[in-house]
Amino acid sequence: MIDARLLRDDPDRIRAAQVKRGLSPDVVDRALAADEARRSAIATYESRRAEQKSLGKQVAQAQGEEKTALLARTKALSAEVKELEAAQGAAETEWDEALRSIPNPAADESPAGGEDDFVVLEHVGTPREFDFEPRDHIELGRMLGAIDLERGAKVSGSRFYFLTGIGAQLELALVNMAMDQARNAGFTQVIAPSLVKPRAMEGTGFLGQAADDVYRIEGEDLYLVGTSEVPMAAYHSDEILDAGALPLRYSAFSPCFRKEAGSHGKDTKGIIRVHWFDKVEMFVLTTVEESYAEHQRLLAWEKEFLDKLELAYRVIDVAAGDLGLSAQRKFDCEAWIPTQGKYRELTSTSNCTDFQSRRLDIRTRGESGNTPVATLNGTLTAITRTIVAILETHQQADGSVRVPEALRPYLGGLEVLKPVS
RNA sequence: GGAGGCGUCGCCUAGUCCGGUCUAUGGCGCCCGCCUGCUAAGCGGGUUUGGGGCUACAACCCCAUCGAGGGUUCAAAUCCCUCCGCCUCCGCCA
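Everything quoted here is computed from the prediction, not taken from an experiment.

A count of helices and strands for chain A gives twelve helices and 17 strands. With the C-alpha coordinates of chain A rotated into their principal frame, the extents come out at 100 × 45 × 40 Å. Out of the 421 residues belonging to chain A, those deemed buried represent 50%. Entry remark: accessible area of chain A is about 20,000 Å², with carbon and sulfur atoms responsible for 48%. Once the 51 positive and 67 negative side-chain charges of chain A are each reduced to a mean point, those two points are 3 Å apart.

This is the structure we're talking about:
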């Protein structure tokens, strides 16, 4: 949620931010009106309530006739206070809803516009040239006995898969490699719950427009997370952190579940777009001032991981309209997928500044009151897409796959993945 | 799943039976000051969080906050209901 003071002091800035994301600025006026109504409701309620309290004290000491008279007055007042309290609550709710519906204003550097308006920041490595017809990851996965899509569909439906044999080993290797890198960089490793309460989902901004993509457990007040950003953001909710402890860096492993609503027909084959995958995610809490530099660090760690896998990729600056509710700026690393002839998102890092921490009440003690911290997240490895990129990029003519050197220690020194049949 | 116990402003704790003097007690820790060769001790003061008013975003005043949400009442930490969490025992289980 945005800073209410910013909305009051500089509403034009929020209006401009809305337009930059391709959204209507009307919500600003709705919020401002709600704020005014709320404050006047609070003032009315509180003055009557104060009166009620002071009368209550007199009642306690009064005797006889005086007491009877006081009771008559305070009884009427009581009903009024109750009404005013309800009115105040309603005004508060309206204000809260308006405020919460406003996304984090994009950074000045973020390109304006929607999904296609990203800016390419850099290319790393060059897409490999093949002197044979490259196979897609589906065929390679089948030849290697690594990916079983048919049985995934049989058991769980479309967009599900089993990783088997070397496929399963690959996942564990990638997870360990990611966790090692993170630990060496000072991250605390975490295995996070993938079922969370509404508060966590709402606090991270996934129950707004993004709610269609979220699985809810029937009959329970629980959601399946789409990323461990959700449990990790909520991890320190309602806490006041010691400023000296920042930054707090976590690398969290969890499964991720996504309905993929509205993507029917897209990436229907293979494991590019699935309802479930595992992921190692970096999550950082720091000060807003430090968050911009930290964002660059997260990007650097993502690039380091992709470099070790010897992948060709580009980094894009995601446009304002494609940032999601919480992010102020987002960089995606997109790896070259040979059989698709294009770059596909493998990792993504967002600076959510104090947007999530305001909703989740995560702050540090400051000299002039407590201030919300900044939260940032970045993918180290989303297993399925990483496997796609590795298989397709490092395949050889016979269907075997060369293992990038950095990954070998995590596969018992294995240099080549060989077809099983 | 069953039975019982518990949840108070960083930590511990008094208060809850019997509603008003609770503006929530005391200790520890922490902060400021005093005292003091130094340290320790001692003395005095302060120390939840969120919101509103007024403002310099200070000071000050007010409202809410005793796990959460409802209810009863002129008045709720205290009485009633629902929920959540923790502990102990039993059952079941990876």
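Additional details are given in the paragraphs that follow.
Looking now at the UniProt feature "binding site: L-serine" (unreviewed entry) in chain A. Mapped onto the present numbering, the UniProt feature "binding site: L-serine" (unreviewed entry) falls on T227, S228, E229, R258, E281, N377 and T379. When you line up the elements, T227 lands in the loop between β6 (223-224) and α9 (229-235). In this structure, T227 is in contact with F206, S254, C256, R258, K279 and E281, ignoring residues within four places of it in sequence. Here E229 takes part through its backbone nitrogen, which lies 3.1 Å from a polar atom of the side chain of T227. Note on placement: E281 falls in strand β9 (residues 276-286). Once residues within four sequence positions are removed from consideration, E281 is found in contact with T227, S228, E229, Y250, S251, A252, N377, G378, T379 and L380.

With that settled, the discussion passes to the domain arrangement of chain A. As far as domains go, chain A holds domain 1 (4-100) and domain 2 (115-417). Placing a centre on the C-alpha atoms of domain 1 and another on those of domain 2 gives a separation of 43 Å.

Let us look at the packing of helix α7 (residues 166-184) against helix α10 (residues 288-308). Where α7 contacts α10, the two axes come as close as 11 Å, and the packing angle between them is 135 degrees. Classed by the angle they form, the pair α7 and α10 counts as oblique. Relative to α10, the crossing made by α7 is right-handed. Every residue of α10 that contacts α7 at L174, M177, A178 and Q181 is listed here: W301, E304, F305 and K308. Broken down by class, the residue content of the contact of α7 with α10 amounts to five nonpolar, one polar and two charged.

With numbering matched to this structure, UniProt assigns "binding site: ATP" (unreviewed entry) to R258, K259, E260, V274, H275, W276, F277, E345, L346, T347 and S348. Looking at where W276 falls in the secondary structure, it is placed in strand β9. Contacts of W276, omitting those with residues within four sequence positions, involve R159, F160, Y161, P255, C256 and F257. Within the fold, S348 resides in strand β12 (residues 342-351). Sequence-distant contacts of S348, that is, excluding residues within four places in its chain, are made with E302, K330, F331, D332, N377, G378 and T379. A distance of 2.8 Å separates the side chain of S348 from the side chain of D332, its partner in a polar contact.

Below, the discussion takes up the packing of aromatic side chains. All told, the structure shown has five aromatic pairs when counted by the stated rule. With a centroid separation of 5.4 Å and an interplanar angle of 80 degrees, the aromatic rings of F130 and F132 are classed as edge-to-face. The buried category is assigned to F132, whose relative accessible area is 18%. Measuring from centroid to centroid gives 4.6 Å for Y161 and W276, while their planes differ by 5 degrees, and the two rings are stacked.

A few words now on α7. Along its 19 residues, α7 runs 26 Å from first to last C-alpha, staying within 8% of the 27 Å computed at 1.5 Å per residue. Within α7, the full set of buried residues consists of I166, G167, L170, E171, A173, L174, V175, M177, A178, M179, Q181 and A182. Downstream of α7 by one or two residues, G186 has phi in the positive range, about 95 degrees.

Taken together, the side chains of E115, D116, D117, D322 and E345 define an acidic patch exposed on the protein surface. Tracing the chain through its elements places D117 in the loop between α4 (64-100) and β1 (119-124).

Around RNA strand B sit 23 residues in total, of which R38, R49, K53, T74 and R365 are the nearest. R5 places a side-chain nitrogen or oxygen 3.0 Å from a base oxygen of RNA strand B. With respect to RNA strand B, the side chain of R365 contributes an N or O atom lying 2.5 Å from a phosphate oxygen. Broken down by secondary-structure element, the contributors of at least two residues to the surface near RNA strand B are α1 (4-9), α3 (26-61), α4 and β13 (362-366). Ranked by residue count, the leading element in the surface near RNA strand B is α3, at twelve residues. Tallied by class, the residues present in the surface near RNA strand B amount to seven nonpolar, five polar and eleven charged.

Before going further, it helps to examine the environment of N377. Here N377 lies in strand β15 (residues 374-382). According to the relative accessible area criterion, N377 is buried, its value standing at 5%. Sequence spacing of N377 and F283 is 94 residues, and the spatial spacing of their C-alpha atoms is 4.5 Å. Residues within four places of N377 in sequence aside, it is in contact with E229, E281, M282, F283, L298, S348, T349, S350 and C352.

The rules behind each value
Residues numbered from 1 in each chain as written. Chains lettered and ligands numbered in written order. Predicted model: local features only at pLDDT ≥ 70, side-chain atom pairs only at ≥ 80, totals over all residues. Heavy atoms only, no water. Helix = DSSP H or I, 4+ residues; strand = E, 2+ residues; numbered from the N terminus. Buried < 20%, exposed > 50% of the residue type's maximum accessible area, 1.4 Å probe, protein only. Areas by Shrake-Rupley, 256 points an atom, 1.4 Å probe, with all protein chains shown as cover. Lys, Arg positive; Asp, Glu negative; His and termini not counted. Charge placed at Lys NZ, Arg CZ, Asp CG, Glu CD. UniProt positions renumbered as here; feature names shortened; annotations may be inferred. Contact = heavy atoms within 4.5 Å. Polar contact = N/O pair within 3.5 Å; in protein donor to acceptor, adjacent residues only side chain to side chain. Domains from an automatic or database assignment. Axes fitted to C-alpha atoms, helices over the stretch in contact; angles between N-to-C directions. Parallel < 35°, antiparallel > 145°, perpendicular 65-115°, else oblique. Left-handed = near helix turned anticlockwise from the far one by under 90°. Nonpolar A, V, L, I, M, F, W, Y, C, P; charged D, E, K, R; others polar. Phe/Tyr/Trp six-rings, centres within 6.5 Å; stacked < 30°, edge-to-face > 60°. Expected span 1.5 Å × (residues − 1). Patch = residues over 30% accessible without salt bridge, like charges linked within 9 Å, V, L, I, M, F, W, Y side chains within 5 Å. Salt bridge = Lys/Arg side-chain N within 4 Å of Asp/Glu carboxyl O. Near = heavy atom within 4 Å.

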